[in-house]
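Inside the fold
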Amino acid sequence: MDVREFCPQKVVTAEKAISKIRRGSRVFIGTGCGEPQHLIRTMVEDMSMQDIMIYQMLSSTLSDYVNDEMFLRRFSLKLFFISRSMRKAAFEGKIDYIPTYLSQIPTLFFSKRIGLDVAIIQVSPPDKFGYCSLGVSVDITRSGMENAKLVIAQINPNMPKTWGDSFVHIDELDYIVLHEEDIVEMSSLPKENEVTRRIGMYVSQVVEDEATIQVGFGHLPNTILPYLHKKKDLGVHTQVITDGLLPLLEKKAITNKKKTLIPGRVVASLCMGSRKLYEYVHNNPMFYFRSSDYVNDPTVIARNDNFISISSALEIDLTGQVCSDSMGNLFYSGIGDQVDFLRGAAMSKGGFSIVALPSTAQNGKISRIVPNLSEGAGVATTRADVDIVITEYGIAELQGKSIYQRAMELTQIAHPKFREELVESAKNKRYIFSDQLPPAQEDLIFLEGYKTTLELKNGKTVLFRPLFPSDEFAYRNFYYSLQEKTVYYRFFYKMKVFSHEVLQKQYASVDYKKNMSLIGLVHKKRHQEIIAIGSYAEAEDDRAEVAFVVREDHQGMGIASYILEQLEIIALENDYKGFVATTLRENSAMIHVFKQRYPNAKIISSSSDYVILMNFDDPDKPKTRVRSPEV
C-alpha cells in the first residue's frame, strides 16, 4: 500500500510532524533498536521544543545529546531502564530512572498513572491491507502508542516485519513520516574468557533438554548461550531476542517443539542485535512478538513447563538478596525483567531460575558475593525469589535453604581469596556456627574432573562429586536415613548422633588430594539427595584408608564398587599405591566389594574385624572403566 495515495493528509515531513508537539508535552519514544532516530533528532533540533518530558525504556539516540546543557534545559528524560550509553549520564544525575517491573509498565500507561500526550514510534511499511509492524520493538511500545493522544510514526523500509501482536493499522497513526535509515544495532558481545567459560559450563549442567529458557538483559547471559549448543529441543520465552540465540536456532538446539505454551514459536517482546539478526526475524513466523504485559506476566511465564530463567546481577549478599540495577547509590541498569521471570519460573512445573555472575569485579579487587549489599544498593530481587546462583567457582542452590546453608553455599562459590573473610563476617552476623570451617581457599576447578555419573539398571542416574562444607545438612539427612545396622557396619558402633561437630571433624580432614570424600546423589524432583558416600584418608606405607556406605534402598546396584573404583583413580593421581580397610567380620557385602575389585587383597583377621590390604597394581584386578565425566 502506498500511504501517499491512501492517506496523503497524514504524510508529512519530520519537521511538520514534530511541530505538532506542544510545549510541556509528555512524549513516549519507542524502545531500543526500534526507536525512530530521524524523528528523535528532528525533535531535539527544533528549538521550539521546550519543557518536554520524555519516557523511554532503552535509549540510544538521545545519548548523543545528554552532555548538551541546552538539551537538558529543554528535555527531561524519564527512563525505565538505563542502557550502557546512558550509564554515565545516570551517574551524573542527568536522567531520571523509574524503577518498575517491565510487566507493569503497560498498566502504568493504561491507568494514566503515567499520562502520555505524544508517542513517537517506528514501523515497517504497511501491507496491502494497511497494517504496519512495530518490528523489533513491541514491548511497551504498543501500550505507549495506544495511550497517547497523538501518534507520530516513522515508516522505515529497514524495519523488520514481525509476527504476533505487532501490527498497527495506518488508521491508528495521526502523522506519518517516510524516512529510510539503518535500524540501531547492538550486536557487540564480549569475548569469551576463562570466567565466562566456566560459568557457561556450570549453567549447561543444570539446563536440561526440552527446557524453555529466558535470557535476561546484559552481556553475561548471552555469553553463556554457546554452552547450550548440545542441548536438544530447547524452547524460548523471553523479553529480548539477541544475537546470542542465533547459533542455537541455526544448530537446532532451539526447536520450541516441547513448549507447553505456544509450541513451535519463540515468544518475545523485542529484538536487539545485528543486521543478521533482524534479517532472521523478518517475516519469520517462528517468532511471536507480544507486549511486555503478556510476555513478562509471571502467570503467563508459568504456563511454560520446565521453564528456566537465566539472568545476571551486580552483587549478592550472603542471605541471597540480589542487586542488579545499581552500584551503591549510582543507578546502573534497571530492574527490567528479572523479577518477573524469576517468579514465573518458580511457578512453572519443573521450572527454576539461575542468577549468574562473575565472583569478582574491578579486575578481582572486590567480591560480588558480599556480607551485605553496598550502601544505597537496591534489592531488585528478594532472598525469597532467588533459586540457583552460579559463578565461575560453582553452583549454589538457595531455594528452601536456611540462612546458614545460604551463607555456606554462597561462600563456597565466592572467589577463594574472599572466602575466609566471608565466613568470618557470617560468624559475626550469627548466620553460621562460630566454629564453622571456611571452604578451601584455593581454586577447586580440578574437582570438576571428579564429577561422574553412573546409570543404574533401574534407569536412574547417580551423580558422584566431591563433598563440600555446604553439604552438611544433606549429609546429616543421609545419615539419619540409614538403618541402625548400616550405621554399625560403617562406624563399628551404634552411633546415635551425627552432629555438626562430627561433620566438622570429617570435613576438616578433606583436602581433595591426600584425603578425599565422594558423595553419590540422585534427583528427587529437581533437587538432589545423598544416597552414598565414600572416603579415603592418608594412612601408612603409601596407602589410604578407605570406607564407604550406601543407603539401603540403593544397595546391590553396583554403587559401592563404582565409588571404590573412582576413589582409586583419584588416589592414584595423588601418589597412593593402595588402599587399606577395616571391616566387621559379618559385613560380607563390603568384603565382597573389596575382593571383587582386588582379587589378591590380603586379609588380616582379628577377633571381631578384618583388615584388608589392597594394591592398585593387583594383576588380576578388573580393567578400570574410562571415567565418564558428568560435564
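Notes on the structure in this doc start here.

Rules behind the numbers
- Numbering of residues begins from 1 in every chain and follows the order in which that chain's sequence is written.
- Local features in a predicted model are, by the rule used here, given only for residues with pLDDT of at least 70; side-chain atom pairs are given and counted only at 80 or more, and totals for whole chains, interfaces and linings are based on all residues.
- Water and hydrogen atoms play no part in the side-chain values, which are based on all heavy atoms of the structure.
- Interaxial angles span 0 to 180 degrees and are taken between N-to-C directions of axes, which are lines fitted to C-alpha atoms, for helices over the stretch in contact.
- Secondary structure elements are taken from DSSP: a helix is a run of H or I of four residues or more, a strand is a run of E of two residues or more, and numbering for both begins at the N terminus.
- These descriptions rest on fixed angle ranges, namely under 35 degrees for roughly parallel, over 145 for roughly antiparallel, 65 to 115 for roughly perpendicular, and the rest for oblique.
- Definitions for this section: a left-handed crossing has its near helix turned counterclockwise from the far helix by less than a right angle. A right-handed crossing has that turn clockwise.
- Any two residues whose heavy atoms approach within 4.5 Å at even a single point are treated as in contact.
- Remark: nonpolar core denotes a set of buried residues (Ala, Val, Leu, Ile, Met, Phe, Trp, Tyr, Cys) joined through side-chain atoms within 4.5 Å.
- Note on classification: 1.4 Å probe, protein chains only; a residue is buried when its accessible area is under 20% of the maximum for its type, exposed when over 50%, partly exposed between these limits.
- Polar contacts, as counted here, are pairs of nitrogen or oxygen atoms within 3.5 Å of one another; within protein the pair requires one atom able to donate a hydrogen and one able to accept it, and residues that are adjacent in sequence qualify only if both atoms are side-chain atoms.
- Think of it this way: DSSP has to see at least two bridges between two strands before they count as a pair.
- Between the rings of Phe, Tyr and Trp (Trp by its six-membered ring), a pair exists once the centres lie within 6.5 Å; its type follows the angle of the planes, with under 30 degrees stacked, over 60 edge-to-face, and the other angles tilted.
- Charges are assigned to positions over rings by a cutoff of 6 Å between ring centre and Lys NZ or Arg CZ, combined with an angular limit of 35 degrees from the ring normal.
- Put simply, Ala, Val, Leu, Ile, Met, Phe, Trp, Tyr, Cys and Pro go in the nonpolar bin, Asp, Glu, Lys and Arg in the charged bin, and everything else, Gly too, in the polar bin.

1. Here we look at the packing of helix α20 (residues 559–573) against helix α21 (residues 588–597)
Orientation of α20 relative to α21, taken along the N-to-C sense of each, is 50°, at an axis distance of 10 Å. As the angle between them shows, α20 and α21 are arranged oblique. When the axes of α20 and α21 are compared, the crossing they make is right-handed. Together, A560, S561, L564, E565 and E568 of α20 and V593, F594, Q596 and R597 of α21 make up the contact between the two elements.

2. A few points about the nonpolar core
With 77 residues, the main nonpolar core has M57, F80, I121, V203, V207, I241 and I354 as its most contacted residues. In terms of residue count, helix α8 (residues 194–206) provides more of this core than any other element does, five residues in total. Apart from the residues within four sequence positions on either side, F80 is in contact with Y55, Q56, M57, Y97, I98, T100, I105, F109, I114 and I140. Residues F548, Y562, A571 and V593 belong to the second largest nonpolar core, which totals 41 residues.

3. Notes on the environment of P622
Structurally, P622 can be placed in the segment after β34 (609–615). Accessibility expressed as a relative area gives 38% for P622, which makes it partly exposed. In this structure P622 touches Q596 and R597, once residues within four positions along its chain are discounted.

4. Description of the side chain of S274
If you trace the backbone, S274 turns up in the loop between β14 (270–271) and α11 (275–281). When its relative accessible area of 11% is taken as the criterion, S274 is described as buried. In terms of polar contacts, S274 uses its side chain to reach the side chain of D243, at 2.5 Å. Dropping the residues within four chain positions of it, S274 is found in contact with E185, S187 and D243.

5. With respect to the sheet that holds strand β18 (residues 322–323)
Pairing between the strands of a sheet is mediated by backbone hydrogen bonds and can be parallel or antiparallel. Taking strand neighbours across the sheet as the criterion, the three strands line up as β18-β17-β24 in an open arrangement whose pairing is mixed. Each edge of the sheet is formed by a strand with only one pairing partner; in this case those strands are β18 and β24 (369–370). For strand β17 (residues 315–317) and β18, the ladder comprises two bridges, and the chain directions are antiparallel. Opposite E315, over in β18, you have C323 as the bridge partner.

6. As for the packing of aromatic side chains
Throughout the structure, instances matching the rule amount to 17 aromatic pairs. Residues F80 and F109 carry aromatic rings whose centres are separated by 6.1 Å and whose planes lie at 70° to one another, so their mutual orientation is edge-to-face. With F80 in the loop between β3 (75–79) and α5 (87–91) and F109 in helix α6 (residues 105–110), this pair connects stretches of sequence that are 29 residues apart. Accessibility assignment for this pair places F80 and F109 in one class, buried. Linked through ring pairs, Y536, Y576, F579, Y598 and F616 together constitute an aromatic cluster. Sitting over the face of the ring of Y598, R597 holds its NZ or CZ atom 6.0 Å from the ring centroid.

7. A short note on the packing of helix α15 (residues 403–412) against helix α16 (residues 416–428)
Contact geometry of α15 with α16 gives a least axis separation of 9 Å together with a crossing angle of 165°. Taken together, α15 and α16 sit at an angle that is classed as roughly antiparallel. Here the hand of the crossing between α15 and α16 comes out right-handed. Of the residues in α16, those in contact with A407, T411 and Q412 of α15 are R419, L422, V423 and A426. Looking at the contact of α15 with α16, its residues break down into four nonpolar, two polar and one charged.

8. With respect to unusual backbone geometry
Phi at I262 takes a positive value of approximately 55°, unusual for a residue other than glycine. Among the structural elements, I262 can be located in the loop between α10 (246–250) and β13 (266–268). Positioned with a positive phi, D575 is a non-glycine residue whose angle comes to about 70°. Here D575 shows up in the loop between α20 and β32 (578–584).

Interpretation in functional terms is not warranted from these geometric data alone.
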